[in-house]
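Now for the letters of each chain:
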Amino acid sequence: MKKFAKAALCCMMVGAMAIMAGCGGSDKKAEAPKKVLKVGMECGYAPYNWSQTSAEGGAVKIAGSNEYAYGYDVIIAKKLADSMGATLEVHKIEWDGLPPAVVSGKIDAAIAGMSITSKRKETVDFTKPYYYATVVALVKKDSPQAQAKSVADLKGSIATSQINTIWYDQIDQVPEVKKLPAIDTVPGMIVALKSGKVNLIVTDIPTAKAAAFANPELAMVTFPEGKGFKTSREDVEIGVAVKKGNKELVDAMNKVLGSMTEADFNKIMDEAIKKQPLAK
């Protein structure tokens, strides 16, 4: 009987301790994992985005890589992630693969210098603009095109631009232009211009300004009002692409972007141009 009583008492004590342990555990709330904002970009489209070998200047590690991403898009992405209490995760994706990555849910957003066009809005939703990009000409400094005072003066040029961009469509405005096939990347089209394969690249101000900053033999050509490339509002408004119907994410991003001015955007872009690797 004594053995039985001792055993019973032992069981009761173990049970009580288990209950106390269980109660004590419930007082401790499990910390929720920090949100992650997965953002896609080319990581090769300076000054919007590029890759570098270190975290210098605030660059962010590229997922699945030993490289880091930085540039205007990364700076904006960091602001958006911070405002949502999320960790920024950058994914390196080719230009043509960005919209499908958004649609499939591989990434939450594409922040990659993407124009807010009606065609793109058929498959993805966009935030408010996070930059306004005027279309200009990029040429060799010692070429006849460098003296152009209007798009008409670029008559007969051999031109190209990046694939699936509004820039490539703008080439058709040049009289008697010889339009070559579009090129996959911005570095690729700069090589085509420097090598003499073409004598005109149609692009936006940040891309042209960054290329000229890093390559002294190149020049950005702008035109007076009414003499430049004819563009619509959607051509120059750059936005963040997110999955269709993700209103919560769009609203959260718009809260930040709506508080910024065009002057704020231009200041950040000028800083990015000066920090791009080729400028060093």
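Before reading further, recall that the structure is shown in the block above.
Cut-offs and rules
Residues numbered from 1 in each chain as written. Predicted model: local features only at pLDDT ≥ 70, side-chain atom pairs only at ≥ 80, totals over all residues. Heavy atoms only, no water. Phe/Tyr/Trp six-rings, centres within 6.5 Å; stacked < 30°, edge-to-face > 60°. Helix = DSSP H or I, 4+ residues; strand = E, 2+ residues; numbered from the N terminus. Buried < 20%, exposed > 50% of the residue type's maximum accessible area, 1.4 Å probe, protein only. Lys NZ or Arg CZ within 6 Å of the ring centre and 35° of its normal. Arc of directions from axis to C-beta. Contact = heavy atoms within 4.5 Å. Polar contact = N/O pair within 3.5 Å; in protein donor to acceptor, adjacent residues only side chain to side chain. Core = buried A, V, L, I, M, F, W, Y, C linked by side-chain atoms within 4.5 Å.

Novice: Can you break down the packing of aromatic side chains residue by residue, with the values?
Specialist: Taken as a whole, this structure holds 10 aromatic pairs when the rule is applied. On the numbers, 5.8 Å between centres and 15° between planes, the contact of Tyr72 with Tyr130 is stacked. Of the two residues, Tyr72 sits in helix α2 (residues 72-83) while Tyr130 sits in the loop between β8 (124-126) and β9 (131-132), which places them 58 residues apart along the sequence. By relative accessible area, which is 0% here, Tyr130 ends up buried. Ring-pair connections join several aromatic residues into one group, and the members of that group are Tyr45, Tyr48, Tyr72, Trp95, Tyr130, Tyr131 and Trp167. A cation over an aromatic ring shows up here: Lys179 above the ring of Tyr168, its NZ or CZ 4.2 Å from the ring centre.

Novice: Run through helix α5 (residues 186-195), naming residues and quoting values.
Specialist: Among the residues making up α5, those that are buried are Val186, Met189, Ile190, Ala192 and Leu193. The arc enclosing the buried residues of α5, seen along the axis, measures out at 155°, which places them on a common side. Exposed positions of α5 whose direction lies more than 90 degrees from the buried face are Val191 and Ser195. Each element contacted by the buried residues of α5 is listed here: β2 (44-45), β10 (135-140), α4 (166-170), β13 (200-204), α6 (205-214) and β14 (218-221). Where α5 starts, the residue carrying a side-chain oxygen 3.1 Å from the main-chain nitrogen of Gly188 turns out to be Thr185. A positive backbone phi angle near 90° is found at Gly196, which sits one or two residues after α5.

Novice: Go over the side chain of Ser115 with me, naming the residues and quoting the values.
Specialist: Within the element layout of this structure, Ser115 appears in strand β7 (residues 109-115). Of the polar contacts made by the side chain of Ser115, one reaches the backbone oxygen of Asp235; its length is 3.2 Å.

Novice: I'd like a rundown of the nonpolar core, residues and numbers included.
Specialist: Tyr72, Leu80, Tyr130, Tyr131 and Met253 are the most contacted members of the largest nonpolar core, which totals 88 residues. Examining the composition of this core, we find that seven residues originate from one element, α2, more than from any other.

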